[in-house]
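These are the residues of each chain, in order.
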Amino acid sequence: MRSLSPRRAAFGILLLAAAGQAAAQAPAADYAAYPCLSYSLECGKLATRRPQLKQLDGALNGNAEKGKQLAQARNSGNCLACHVMKGGSQPGTRGPDLSHYGNAGRSDAETYSMIHDMRTRNPDTLMPPFGTNAILSDPEIRDIVAFLQASK
Ligand code: HEC
């Protein structure tokens, strides 16, 4: 292989630097169509679904096995993004560990309300309002409550 003269090498470095600069100046992606969730920016003050306290109506009647599937499916509850859960893999740890939730002695009703809309307890929660925002239906939340209560 021919060795590069110092002058050629310097030219090559200049070219690389110019290419890097061009990449840095590429137009930014347009995120205008995405909803703004900020509490401080103007866009974040647009109407949104207010926190909604929903009580569990009647007996739970949830299916724990279905609840487990829903909780772990990335395109459904995706609770694993933030919680360690029984039987789940690659969990996030931003929320509390729920793998022994059934031992905590929390009622079905309380658990249901929290999953429906955690903002009723903590306005700054990171947890999505699954019921209010219709991410999960009423029967789906019941199934997940059954799964959590069976996690011992
Ligand atoms: C983006 C992160 C995130 C996701 C996704 C998430 N959670 Fe949470 N969750 C939290 C955080 C953070 C808390 C702590 C409470 C708070 O925010 O004040 C919490 C608290 C809870 C609690 C109360 C635990 C306790 O011991 O007090 C339950 C129950 C719960 N989550 C269930 C779920 C279920 C079920 C799902 C999926 C359907 C889910 N979470 C999805 C972040 C998340």
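Our subject in this report is the structure included herewith. As the structure is a computational prediction, the values presented were derived from the model and not from experiment.

In terms of helices and strands, the protein chain carries four helices and zero strands. Secondary structure elements of the protein chain occur, N-terminal to C-terminal, as α-α-α-α. Restricting the contact set of the protein chain to residue pairs at least 6 apart, pairs at least 24 apart contribute 58%.

What follows is about the packing of helix H3 (residues 108-116) against helix H4 (residues 138-150). Axis separation between H3 and H4 bottoms out at 10 Å; the angle between their running directions is 125°. Classified by the angle between their axes, H3 and H4 sit oblique to one another. Where H3 crosses over H4, the handedness of that crossing is right-handed. Contact with H3, carried on its side by Asp108, Thr111, Tyr112, Ile115 and His116, involves Ile141, Ile144, Val145, Leu148 and Gln149 of H4 and no other residues of that element. Along the lines of polarity and charge, the residues of the contact of H3 with H4 split into six nonpolar, three polar and one charged.

Turning our attention to the environment of Met85. With respect to the element layout, Met85 can be found in the loop between helix H2 (64-72) and H3. The sequence separation of Met85 and Leu98 amounts to 13 residues, and the corresponding C-alpha distance is 5.2 Å. If we skip the residues at most four places from it in the chain, Met85 touches Ala71, Gln72, Cys79, Leu80, Pro91, Leu98, Ser99 and Ser151.

Another aspect to go through is the site of the ligand. As a structural note, the neighbourhood of the ligand is formed by 24 residues, with Gly77, Cys79, Cys82, Gly95 and Thr125 the closest of them. Of all the secondary structure elements, the ones that give two or more residues to the shell around the ligand are H3 and H4. With three residues, the top contributor of residues to the shell around the ligand is H3. Tallied by class, residues from the shell around the ligand come to 16 nonpolar, seven polar and one charged.

Rules behind the numbers
- Residues numbered from 1 in each chain as written.
- Predicted model: local features only at pLDDT ≥ 70, side-chain atom pairs only at ≥ 80, totals over all residues.
- Helix = DSSP H or I, 4+ residues; strand = E, 2+ residues; numbered from the N terminus.
- Contact = placed C-beta atoms within 7 Å.
- Axes fitted to C-alpha atoms, helices over the stretch in contact; angles between N-to-C directions.
- Parallel < 35°, antiparallel > 145°, perpendicular 65-115°, else oblique.
- Left-handed = near helix turned anticlockwise from the far one by under 90°.
- Nonpolar A, V, L, I, M, F, W, Y, C, P; charged D, E, K, R; others polar.
- Near = placed C-beta within 6 Å.

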